[in-house]
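Architecture at a glance
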Amino acid sequence: MNEKIIILDFGSQTTQLIARRIRELNTYCEIFPYNKFPLNDDTVKGVILSGSPYSVYDENVFKTDLSPIRNKYPLLGICYGAQLLAHVSGGTVEQAGSREYGRANLTKIDENNPLFKNITEGAQVWMSHGDTITRLPESFRAIAGTQNVETAAFGIDGEQTWGVQFHPEVYHTEKGAIILDNFLNICGCKKNWTPASFIESTVSELKQKLGNDKVILALSGGVDSSVTAVLLNKAIGKNLTCIFVDHGLLRKNEFQKVMKDYEILGLSVLGINASERFYRELEGVSDPEKKRKIIGKGFIDVFDEEAHKLQNIKWLGQGTIYPDVIESLSITGTVIKSHHNVGGLPKKMNLQLVEPLRLLFKDEVRRVGTELGMPAHLIKRHPFPGPGLGIRILGDVTTEKVHVLQDADDIYISALHEWGLYDKVWQAGTVLLPIRSVGVMGDERTYENTVVLRAVTSTDAMTADWAQLPYEFLAKVSNEIINKVKGVNRVVYDISSKPPSTIEWE
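Residues numbered from 1 in each chain as written. Predicted model: local features only at pLDDT ≥ 70, side-chain atom pairs only at ≥ 80, totals over all residues. Heavy atoms only, no water.

Some details on the overall build of the chain
When its secondary structure is counted, the chain shows 13 helices and 18 strands. C-alpha atoms of the chain, sized along the principal axes, occupy 75 × 65 × 40 Å. The proportion of buried residues among the 506 residues of the chain is 57%. Partitioning the contacts of the chain with sequence separation of at least 6, the portion at a separation of at least 24 is 74%. (Helix = DSSP H or I, 4+ residues; strand = E, 2+ residues; numbered from the N terminus. Buried < 20%, exposed > 50% of the residue type's maximum accessible area, 1.4 Å probe, protein only. Contact = heavy atoms within 4.5 Å.)

Considering the sheet that holds strand β10 (residues 214-219)
Across the sheet, which stays open at both edges, the five strands sit in the order β12-β11-β10-β13-β14 with parallel pairing between neighbours. A single partner strand is all that each edge strand has here, and the edge strands are β12 (269-273) and β14 (352-354). Geometrically, the sheet is characterised by an average inter-axis angle of 30 degrees between neighbouring strands, direction not taken into account. (Pairing = 2+ DSSP bridges. Axes fitted to C-alpha atoms, helices over the stretch in contact; angles between N-to-C directions.)

Focus on the environment of L232
Residue position: L232 is located in helix α5 (residues 223-236). Note: C-alpha distance between L232 and L210 (22 residues apart in sequence) is 9.7 Å. Excluding its chain neighbours within four sequence positions, the residues that come into contact with L232 are L206, L210, V215, L217, G237, L240 and G317.

As for the nonpolar core
Residues V227, Y412, L416, L469, F473 and I481 are the most contacted members of the largest nonpolar core, which totals 87 residues. Top contributing element to this core by residue count: helix α12 (residues 399-418), with nine residues. Setting aside its immediate chain neighbours within four residues, L469 contacts Y412, L416, L421, V425, A455, L474 and Y493. Listed in part, the 38 residues of the second largest apolar core include A19, L106, V125 and I179. (Core = buried A, V, L, I, M, F, W, Y, C linked by side-chain atoms within 4.5 Å.)

Quick look at the sheet that holds strand β3 (residues 44-49)
Strand order across the open sheet formed by seven strands is β2-β1-β3-β4-β9-β8-β7, with mixed pairing between neighbours. Either end of the sheet is taken by a strand with one partner, and the two such strands are β2 (29-33) and β7 (140-144). The average angle at which neighbouring strand axes cross in this sheet is 25 degrees, direction not considered. Across five bridges, the pairing between strand β1 (residues 4-9) and β3 is parallel. For L8, the partnering residue across the bridge sits in β3 and is L49. Contacts from helix α3 (residues 176-187) reach β1, β3, β4 (75-78) and β9 (161-164) within the one sheet, and its direction differs from that of β3 by about 140 degrees.

Thoughts on the packing of α12 against helix α13 (residues 471-484)
It is the contact of α12 with α13, at a shortest axis distance of 9 Å, that shows an interaxial angle of 150 degrees. When the axis of α12 is compared with that of α13, the two are roughly antiparallel. In the packing of α12 onto α13, the handedness of the crossing is right-handed. Residues A408, I411, Y412, A415 and L416 of α12 form the contact with α13, whose own contacting residues are F473, V477, E480, I481 and K484. (Parallel < 35°, antiparallel > 145°, perpendicular 65-115°, else oblique. Left-handed = near helix turned anticlockwise from the far one by under 90°.)

Considerations on helix α8 (residues 288-309)
The terminal C-alpha atoms of α8 lie 32 Å apart, and with 22 residues this matches the ideal 32 Å at 1.5 Å per residue to within 8%. Buried residues of α8: K291, R292, I295, G298, F299, I300, D301, V302, F303, D304, E306 and A307, and no others. Contacts made by the buried residues of α8 are with β10, β11 (240-246), β12, α7 (275-282) and β13 (313-317). For α8, the side-chain oxygen to backbone nitrogen distance between the N-cap and E289 is 3.2 Å, and the N-cap itself is D287. (Expected span 1.5 Å × (residues − 1). Polar contact = N/O pair within 3.5 Å; in protein donor to acceptor, adjacent residues only side chain to side chain.)

Looking at α13
Its 14 residues give α13 an end-to-end C-alpha distance of 20 Å, which sits within 8% of 20 Å, the value for a rise of 1.5 Å per residue. Buried residues of α13: F473, L474, V477, S478, E480 and I481, and no others. Projection of α13 onto a plane perpendicular to its axis shows the buried side chains occupying an angular sector of 165 degrees, all on one side. Structural note: α13 exposes Y471, E472 and N483 on the side pointing more than 90 degrees away from its buried face. (Arc of directions from axis to C-beta.)

Quick notes on unusual backbone geometry
Most peptide bonds take the trans configuration, and most residues that are not glycine carry a negative phi. A cis amide bond links K498 with the next residue in sequence, P499, at an omega value of -10 degrees. With respect to the element layout, P499 can be found in the segment after β18 (488-493). Residue P500 is reached from P499 by a cis peptide bond, and omega for that bond is 10 degrees. As for its position among the elements, P500 is in the segment after β18. Phi at K108 is positive, roughly 50 degrees, even though this residue is not glycine. Checked against the element boundaries, K108 lands in the loop between β5 (92-105) and β6 (124-135). The phi angle at N312 is positive, at roughly 60 degrees, despite the residue not being glycine. Here N312 lies in the loop between α8 and β13.

Notes on the confidence of the model for the chain
Per-chain confidence: the chain averages 89 in pLDDT, with 93% of residues scoring 70 or above. Contacts of residues 332-344 to residues separated by more than four positions or lying in other chains number 26 contacts, the stretch itself having pLDDT below 50. (pLDDT = per-residue confidence, 0-100.)

Examining the pattern of salt bridges
Under the counting rule described, the total for this entry stands at 26 salt bridges. In this structure, E159 engages R70 in a salt bridge whose closest nitrogen and oxygen atoms are separated by 2.8 Å. Residue E159 is found in the loop between β8 (153-156) and β9, and its partner R70 is found in the loop between β3 and β4; the two are separated by 89 residues along the sequence. For E159, a relative accessible area of 17% puts it in the buried group. (Salt bridge = Lys/Arg side-chain N within 4 Å of Asp/Glu carboxyl O.)

Re the environment of T194
Looking at where T194 falls in the secondary structure, it is placed in the loop between α3 and α4 (195-210). A relative accessible area of 29% means that T194 is categorised as partly exposed. Separated by 171 residues in sequence, T194 and R23 have C-alpha atoms that sit 8.8 Å apart.

Description of the state of the cysteines
Following the criterion strictly, the structure yields zero disulfides and no others. Summary of cysteine pairing: C29 is not part of a disulfide, and the nearest cysteine sulfur, belonging to C189, is at 9.9 Å. Overall, the relative accessible area of 0% leaves C29 in the buried class. In this structure C189 is a free cysteine whose sulfur lies 5.0 Å from that of C187, the closest cysteine sulfur available. Taking relative accessible area as the criterion, C189 reaches 9% and is therefore assigned buried. (Disulfide = S-S within 2.5 Å.)

Next up, the structure:
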């Protein structure tokens with residue numbers, strides 16, 4: 001990467017959205033915790049300060065010294081970031097008379113200011129704050145207001161520093177992309193970051209990093225690990241050995257289908273059937289986090305055993321992507337979920353980790369895969385969790401439950417394809433509940449399992465809405481599952497969005 005924008009994260013829910021908007025403008029960016037700015041990185045072209053759930057005067061607020069970056073880089077503070085700039089410079093930030101949330105229109109725009117080039121009076125923006133800047137410090141100049149806020153945006157005399165109390169990154173801010181693009185122009189960004197440029201630079205970096213070393217890659221059958229495999233294969237060819245482990249928790253017939261795909265891609269893949277091992281280790285375990293850790297450890301153990309059968313393996317490839325990194329460790333240090341195995345591997349493996357996609361969002365991974373010439377059905381495959389059906393079976397895992405869930409899920413996913421709905425949702429899957437309910441089949445009462453159908457729309461899995469699938473489709477799928485899958489007598493549909501509900505149930 002020859003240039004980048006740094007986004008300092010103060011805990012906002014939209015920090016990742018800022019990053020996506022910058023990347024949509026063909027400019028590479030990275031998110032860092034508010035107090036971890038990369039001081040010695042000469043590729044940094046500008047800095048954005050995110051919003052925050054805190055007020056600048058809260059006791060537990062995220063505090064950081066901005067002096068090393070102010071006046072060194074163009075700087076844009078968004079919402080809390082703008083209020084922080086004013087607060088530390090001697091301005092006044094106070095609770096607003098009423099929380100300003102929702103649409104507002106800009107007034108008194110300084111159209112000569114480079115941040116507001118091509119932004120006209122009345123432009124709609126999105127506000128979300130309970131505090132407001134009531135007094136600007138000396139040398140700060142208001143460059144826009146709204147009907148309720150005198151300072152909706154400011155610039156600083158003699159500095160390339162700006163602050164906006166609205167959110168240019170959200171879709172509701174109609175000209176938000178133009179404002180962010182103006183900032184990139186101020187930063188002197190070339191805006192030449194594309195899938196093709198990513199492939200070129202990444203393959204070059206992999207060649208330099210790996211040299212003639214041998215790599216063993218963990219394949220899952222999903223988009224992320226598959227694109228990782230093709231990138232590594234492009235960089236090091238025969239020095240890459242892929243391992244695809246069947247932990248017995250894949251979708252119906254998925255192991256055989258995916259192995260054929262990898263053969264077409266020209267990858268060297270070892271297929272390992274370890275299902276009995278995983279079933280044995282999961283026996284009687286109901287706690288979701290314990291299941292994740294058992295499955296994760298099982299993968300590591302299998303990789304370790306297979307790696308020792310090969311000679312001179314020095315690296316383990318992994319299809320980690322940016323949401324995995326972000327969700328695995330928050331800026332407060334709270335682990336959200338562990339199955340991504342982000343942050344390193346057990347020392348006993350004696351392997352270094354290579355993750356060429358760890359700074360890409362899912363849709364970016366798909367665009368890279370398309371640029372690499374990979375088949376559409378593999379690129380458009382829905383995300384599938386590493387622990388597989390192990391976290392879609394609530395409670396303990398048994399072979400009987402796996403087979404029930406595989407059959408129900410196969411009917412659901414096949415129907416999505418048949419109805420032309422598969423590519424219209426981000427992710428779909430079936431969940432087996434640890435409860436039974438009364439039903440009637442023929443003249444007999446039944447007491448059998450309940451399955452949940454889940455489908456969401458999203459762009460990067462950071463947020464997701466439940467997919468409004470046609471009633472006729474849901475009725476047909478429900479009827480087919482109950483008629484064809486022995487042991488299921490009730491089908492329900494999950495209409496929860498993220499947040500507050502995660503995409504997976506465990």
